[in-house]
Amino acid sequence: MDKKIRQYIGIIVAIAFYYIIHEGAHLVTALYFGVFKRINFLGLGVQIDVVAEKMTDIQMGVFCFMGAVATFTIAVILVLITPNICKMQNKLLKATFYYCSIIMLFLDPIYLSLLCGFFGGGDMNGIKLLIPEIVARTGFGILFIINVLIFVKYILPFFDVKYWLTNVRCDIILP
């Protein structure tokens, strides 16, 4: 399979995986609190709709926070299994796991630290019901920086052939 096709498939699967994990965490939380209303499909996005009037501020905060918790948990798992991923023979799976790792490590922290103010707030609207927004945004900013360091130290060496010449390495060539 052509390298570009592997990359595009990997990116598309990673985006779908993100939505399943992130919005799935919102769905499970909404079902747990008994406030699930419906799933909204918004163009390329998905949103879990709840009966907000039946929720306390703490429940709404937890509901909004759980998407980021789920993606962070999966990011940690992906980091831990990276050496095993690189032993796989299937280049498409390697590419997919690589892009999943990027999205899980970076999307929520960068959105919740920097971008949420430009796009209506999203989950930050609920998270700030639990802790002050500046504290939450700073925390997610610090998490973003930590995740960059984790990516450079623990993910990139396994996937970047030029960097990791002597040990286990992946054949995937990055864009």
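Keep in mind the model is a prediction, meaning the values are calculated, not measured.

## Points about the nonpolar core
Soluble, globular proteins show a tendency: their nonpolar side chains are buried together.
Piece 1. Of all hydrophobic cores here, the largest spans 23 residues; its most connected members are L78, Y98, M104, L105, F151, I155 and F159.
Piece 2. Elements supplying a minimum of two residues to this core: α1 (3–33), α2 (57–85), α3 (91–115) and α5 (133–159).
Piece 3. Looking at which element gives the most residues to this core, the answer is α3, with seven residues.
Piece 4. Apart from the residues lying within four places of it in its own chain, the contact partners of L105 are A75, V79, N147, F151 and I155.
Piece 5. In terms of nonpolar packing, the next biggest core, distinct from the first, is built from 16 residues, V50, M60, M124 and I127 among them.

## Some points on the packing of aromatic side chains
Piece 1. Per the counting criterion, the structure on display carries seven aromatic pairs.
Piece 2. On the basis of an interplanar angle of 70 degrees and a centroid distance of 5.6 Å, the ring pair of F106 and F151 is categorised as edge-to-face. Note that F106 is positioned in helix α3 and F151 in helix α5, a separation of 45 residues in sequence. Pair check on accessibility: F106 and F151 agree, each one buried.
Piece 3. Linked through ring pairs, Y98, Y99, F106, F144 and F151 together constitute an aromatic cluster.

## Re α3
Each α-helix winds once per 3.6 residues, and so residues spaced three or four apart point in a common direction.
Piece 1. Remark: the principal bend of α3, roughly 30 degrees, maps to F106, with a proline, P109, within the next four residues.
Piece 2. Its side-chain oxygen at 2.8 Å from the backbone nitrogen of L92, N90 defines the N-terminal cap of α3.

## Overview of the pairing of strand β2 (residues 45–50)
Piece 1. The sheet contact formed by strand β1 (residues 36–42) and β2 spans six bridges and is antiparallel. Paired with I39 across the bridge in β2 is I48.
Piece 2. Connecting β1 to the next strand, β2, in antiparallel fashion are two residues, including G43 with a positive phi near 60 degrees.

## Re empty space enclosed by the protein
Piece 1. Per the stated rule, a full pass over the model turns up one cavity of 30 Å³ or more.
Piece 2. In this model, the largest cavity occupies a volume close to 40 Å³.
Piece 3. Lining the largest cavity, in full, are A68, T71, F72, M104, L105, D108, P109, F140, L143 and N147.
Piece 4. Every element with two or more residues in the lining of the largest cavity is listed here: α2, α3 and α5.
Piece 5. With four residues, the single largest contributor to the lining of the largest cavity is α3.
Piece 6. For the lining of the largest cavity, the per-class residue count stands at seven nonpolar, two polar and one charged.

## Concerning the confidence of the model for the chain
Piece 1. Across the chain, the average pLDDT comes to 89, with 91% of residues at 70 or higher.
Piece 2. Note that residues 161–169 has pLDDT below 50 and, in this model, 13 contacts with residues that lie over four places away or in other chains.
Piece 3. A low-confidence stretch, residues 171–175 stays under pLDDT 50, and its non-local contacts, those more than four residues away or across chains, total 16 contacts.

## A word on the state of the cysteines
Piece 1. With the rule as written, the count across this model stands at zero disulfides.
Piece 2. The thiol sulfur of C64 is not disulfide-bonded, and the nearest other cysteine sulfur, from C116, lies at 11 Å.
Piece 3. A residue is classified by how much of its surface remains accessible, and C64, at 7% relative accessible area, is buried.
Piece 4. Free of any disulfide, C100 has its nearest neighbouring cysteine sulfur in C86, separated by 14 Å.
Piece 5. Taking relative accessible area as the criterion, C100 reaches 5% and is therefore assigned buried.

Cut-offs and rules
Residues numbered from 1 in each chain as written. Predicted model: local features only at pLDDT ≥ 70, side-chain atom pairs only at ≥ 80, totals over all residues. Heavy atoms only, no water. Core = buried A, V, L, I, M, F, W, Y, C linked by side-chain atoms within 4.5 Å. Buried < 20%, exposed > 50% of the residue type's maximum accessible area, 1.4 Å probe, protein only. Helix = DSSP H or I, 4+ residues; strand = E, 2+ residues; numbered from the N terminus. Contact = heavy atoms within 4.5 Å. Phe/Tyr/Trp six-rings, centres within 6.5 Å; stacked < 30°, edge-to-face > 60°. Bend = angle between axes of the 7 residues up to and from the residue. Polar contact = N/O pair within 3.5 Å; in protein donor to acceptor, adjacent residues only side chain to side chain. Pairing = 2+ DSSP bridges. 1 Å grid on protein atoms, 1.4 Å probe; cavity = no way out; pocket = protein on both sides within 12 Å on 5 of 7 lines; lining within 4 Å. Points joined across faces, edges and corners; volume = space filled by probe spheres on them. Nonpolar A, V, L, I, M, F, W, Y, C, P; charged D, E, K, R; others polar. pLDDT = per-residue confidence, 0-100. Disulfide = S-S within 2.5 Å.

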